[in-house]
Amino acid sequence: MRSTLHKVFGFSGFRPNQEEIVRAILDGRDVFAVMPTGGGKSLCYQLPAVILEGTALILSPLIALMKDQVDGARANGIRAAYLNSTLPPFEQSEIAGQFRNGHLDLLYVAPERFAQEGFRQLLGESPVSLAVIDEAHCMSEWGHDFRPDYLTLSSISELLPDVPIAAFTATATHRVQADTLGKLGLRCPLVIRASFDRPNLTYEVLFKENGRQQLLELLGRHCGQAGIIYRTSRKSVNETAKMLQKKGIRALPYHAGLPDDERRRNQEAFIRDETDIIVATIAFGMGIDKPNIRFVIHADLPKSIEGYYQETGRAGRDGEPAHCTLLFSQGDIPKVRFFIDTIIDEQERGKALDALSKVVTFASSSVCRRKILLDHFGESYPKENCASCDICLGTKEMVDCTREAQMILSAIARTDQRFGATHIIDIVTGSRNRKLLELGHDRLKTYGVGKNKSKKFWRQLLDELLAQKLVVKAEGLYPTIYLLEKALPLLKSESEMEMQKPEERSSRAEPKT
Ligand code: ADP
Ligand code: ZN
């Protein structure tokens, strides 16, 4: 095993979990592994594929990336091929022939092929060493890219009863994991859940003041390095790419609205280091294996923590330090809200709102960024200080907010924990809102005590209370805020509280809940 690792792959050792997974597969055991992007999943199946007799079958949803994966494996001298609808028929039969003759270590196929009778017959004609299901979360309706085709794979263990099955995903939520495991029908599998911590990534959030100027300053820190700038809309991608080009910076745009060939050219230029920067919508990145991305900048607010984690996760796959910066303005919240409001399905809309509010909490609170990211995946970060986020590095200016926090907490307590953020803030700021007056909340002791501060300030403070887990918010469309135990000492003035110094510049639009 180790000598193949050195000789074929040129690696001096294993990364976390790789050895255990490889051993299980070599022993003929099923595996289910959740590993973050850059964790080194390919090696986990390519190494046993080289060692074991027969051909390993790799089921992968991304036809566009099969060629890259095959080219990568071939560069290491592995006998690899792919079979999909983009190949002309004569090549398909040539590859089928190579498989029959046992001349392949790896055969990549799309799941829909797996459903075809002809292909199932082919499988019976030559030994299969191992079946790999890449991006296994595509089987789960709870995941963000469910593919109905993938459900045909639930019969895989019946079809290949004597072959170990290894399923991999980088999508981390426990719900998706449980659902996918249930659908796969694996036989007493080794289940691996790698840590989602990416220790070589540094996280930072800056208040967005003058977006363009800040972007240029950030790029100044990364002269000549490869990086991705994410923006929300195609239009802003084009504008930012043009602006950078005018400044003599090597940047190219990428979004789904560009012609196919231009998109491909730009992506390849980035992979080959012919451009430094790719300015992109989130359409960019799925399956991009560029190891030396040194920074990822989000110039607009991401829609979810999950998305933010995946997008920043493309940086530093080589294990060297890389930087992730989010430019955040409360003024960006209404823009995302605008899109969420167009979602017709109530449940979906509720989910999108929850996701947004978690991103806002991530961005505006003073809790370690890494801790919040890992917390989202149900992983508790063991250290007090991660030493590689702006909060832990102490680069954020903090202010005491004990008194203001008490005002909010007491407004929540005095209204029996039955209201949402907007209403609580209305009480504290002394709003004349009709519902509030009807409820008689203008007679509360906390009514109007905080009217000298903006609603934006109160919203940030409430996010801080959420992040520090003094309060919690119910999920869904009408999220009520509840007090948690940690709120009591603060209410009784037995503890103090700090928050990030609030964003100075006032934005035109006030965010809604
Ligand atoms: P994933 O598919 O999990 O995102 P990859 O399989 O593409 O990750 O691996 C990410 C990077 O790590 C690749 O550049 C790969 O060459 C490298 N890599 C994987 N395993 C090792 C190892 N044991 N030692 C050094 N580099 C590794
Ligand atoms: Zn930290």
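Residues numbered from 1 in each chain as written. Chains lettered and ligands numbered in written order. Predicted model: local features only at pLDDT ≥ 70, side-chain atom pairs only at ≥ 80, totals over all residues. Heavy atoms only, no water.

A. Representation of the site of ligand 1 in the model. Contacts to ligand 1 come from 14 residues, most closely from Gly 13, Arg 15, Gly 38, Ser 42 and Arg 317. Side-chain polar atom of Gln 18 to a nitrogen atom of ligand 1: 3.0 Å apart, as the coordinates give it. Contacts to ligand 1 include Ser 42, whose side-chain N or O atom sits 2.6 Å from an oxygen atom. If ligand 1 stood free it would expose 560 Å²; the protein chains cover 79% of that surface. Its residues assigned to classes, the shell around ligand 1 shows three nonpolar, seven polar and four charged. (Near = heavy atom within 4 Å. Polar contact = N/O pair within 3.5 Å; in protein donor to acceptor, adjacent residues only side chain to side chain. Areas by Shrake-Rupley, 256 points an atom, 1.4 Å probe, with all protein chains shown as cover. Nonpolar A, V, L, I, M, F, W, Y, C, P; charged D, E, K, R; others polar.)

B. View of the sheet that holds strand E9 (residues 226-230). The strand order E8-E13-E12-E9-E11-E10 describes an open sheet built from six strands, whose pairing is parallel. Only two strands of the sheet have a single partner each, and these edge strands are strand E8 (201-207) and strand E10 (251-254). The average undirected angle you get between the axes of adjacent strands in this sheet is 20°. As defined by bridge partners, strand E12 (residues 293-298) adjoins strand E13 (residues 322-328) across four bridges and the pair is classed as parallel. (Pairing = 2+ DSSP bridges. Helix = DSSP H or I, 4+ residues; strand = E, 2+ residues; numbered from the N terminus. Axes fitted to C-alpha atoms, helices over the stretch in contact; angles between N-to-C directions.)

C. Region of the structure containing the side chain of Asp 105. Inspection of the secondary structure assignment puts Asp 105 in the loop between helix H5 (89-100) and strand E4 (106-109). Asp 105 sits in the buried class, given a relative accessible area of 10%. With residues near it in sequence (within four places) discarded, Asp 105 still touches Ala 49, Gly 54, Thr 55, Ala 56, Ile 78 and Arg 79. (Buried < 20%, exposed > 50% of the residue type's maximum accessible area, 1.4 Å probe, protein only. Contact = heavy atoms within 4.5 Å.)

D. Broad picture of the coordination of the zinc ion (ligand 2). Looking at the zinc ion (ligand 2), one finds its protein donor set to be Cys 368 (SG), Cys 386 (SG), Cys 389 (SG) and Cys 392 (SG), positioned 2.3 to 2.4 Å from the metal centre. Here the donor residues of the zinc ion (ligand 2) share one chain and are spaced in sequence as C-x17-C-x2-C-x2-C. Accessibility classification places Cys 386 together with Cys 392 in one group, the buried group. (Donors = N, O, S within 2.8 Å, 3.2 Å for Na, K, Ca; no water.)

E. Local environment of a positive patch on the surface. On the surface, Arg 212, Lys 242, Lys 246 and Lys 247 cluster together to form a positively charged patch. Mapped onto the fold, Lys 242 is located in helix H11 (residues 234-246). (Patch = residues over 30% accessible without salt bridge, like charges linked within 9 Å, V, L, I, M, F, W, Y side chains within 5 Å. Salt bridge = Lys/Arg side-chain N within 4 Å of Asp/Glu carboxyl O. Lys, Arg positive; Asp, Glu negative; His and termini not counted. Charge placed at Lys NZ, Arg CZ, Asp CG, Glu CD.)

F. Structural view of the sheet that holds strand E3 (residues 80-83). An order of E3-E4-E2-E5-E6-E1-E7 is seen for the seven strands of this open sheet, with the pairing classed as parallel. Only two strands of the sheet have a single partner each, and these edge strands are E3 and strand E7 (190-193). Adjacent strand axes in the sheet meet at a mean angle of 15° when their direction is disregarded. Across the sheet, helix H2 (residues 18-26) lies against strand E1 (31-34), strand E5 (128-133), strand E6 (165-169) and E7, angled at about 165° from E7, the strand it touches most. Against the sheet, H5 makes contact with strand E2 (55-59), E3, E4 and E5, and its axis sits at roughly 130° relative to E3, the strand it touches most.

G. Geometry of the packing of helix H15 (residues 346-364) against helix H20 (residues 455-467). At a minimum axis distance of 9 Å, the contact between H15 and H20 shows a crossing angle of 95°. Put simply, H15 runs roughly perpendicular to H20. Contact residues: H15 offers Val 360, Thr 361 and Ser 364, while H20 offers Gln 460, Asp 463, Glu 464, Leu 466 and Ala 467. (Parallel < 35°, antiparallel > 145°, perpendicular 65-115°, else oblique.)

H. Local environment of a nonpolar patch on the surface. On the surface, Val 472, Tyr 482 and Leu 484 cluster together into a nonpolar patch covering about 220 Å² of accessible area. When you line up the elements, Leu 484 lands in the loop between strand E16 (481-483) and helix H21 (487-491). Residue Leu 484 is classed as partly exposed on the basis of its relative accessible area of 32%.

I. The arrangement of the nonpolar core in detail. The biggest cluster of nonpolar side chains holds 112 residues, and the ones touching the most others in it are Ile 21, Leu 106, Leu 107, Ile 133, Phe 284 and Phe 328. The leading source of residues in this core is H15, at seven residues. Excluding anything up to four places from it in sequence, Phe 328 contacts Val 205, Leu 206, Phe 207, Lys 208, Leu 301, Ile 333, Val 360, Ala 363 and Ser 364. One finds Ile 427, Trp 458, Val 471 and Leu 490 within the second-largest nonpolar core, a separate group that totals 30 residues. (Core = buried A, V, L, I, M, F, W, Y, C linked by side-chain atoms within 4.5 Å.)

J. View of the environment of Pro 127. Inspection of the secondary structure assignment puts Pro 127 in the loop between helix H7 (117-123) and E5. Linking Pro 127 and Glu 320, residues 193 residues apart in sequence, is a C-alpha distance of 40 Å. Once residues lying within four places of it in the same chain are set aside, the contact partners of Pro 127 are Gly 54, Thr 55 and Phe 99.

K. Molecular detail of the pairing of E1. The two faces of E1 match: Val 31 and Ala 33 on one face and Phe 32 and Val 34 on the other face are all buried. In this sheet, E7 lies alongside E1 in parallel orientation, the contact comprising four bridges. Its bridge partner being in E7, Val 31 is matched across the sheet by Leu 190. One ladder, built from four bridges, connects E1 with E6; its direction is parallel. Along E6, the bridge assignment pairs Val 31 with Ala 166.

L. Seen up close, the packing of aromatic side chains. If you walk through the whole model with that rule in mind, you get twelve aromatic pairs. For the ring pair Phe 196 and Tyr 309, a centre distance of 5.7 Å and an interplane angle of 50° mean the geometry is tilted. Taken together, the positions of Phe 196 in the loop between E7 and E8 and Tyr 309 in helix H13 (residues 305-312) put the pair 113 residues apart, joining distant regions of the chain. For the residue pair Phe 196 and Tyr 309, the accessibility class agrees, reading buried in each case. Here the aromatic rings of Phe 457 and Trp 458 are separated by 5.1 Å at their centres, their planes lie at 85°, and the arrangement is edge-to-face. The two residues Phe 457 and Trp 458 agree in class, both being buried. (Phe/Tyr/Trp six-rings, centres within 6.5 Å; stacked < 30°, edge-to-face > 60°.)

M. Representation of the side chain of Ser 364 in the model. Mapping Ser 364 onto the fold places it in helix H15. Residue classification places Ser 364 among the buried positions, given a relative accessible area of 0%. A distance of 2.8 Å separates a polar side-chain atom of Ser 364 from the backbone oxygen of Val 360. Those residues in contact with Ser 364, other than ones at most four positions away along the chain, are Phe 328, Gln 460, Asp 463, Glu 464 and Gln 500.

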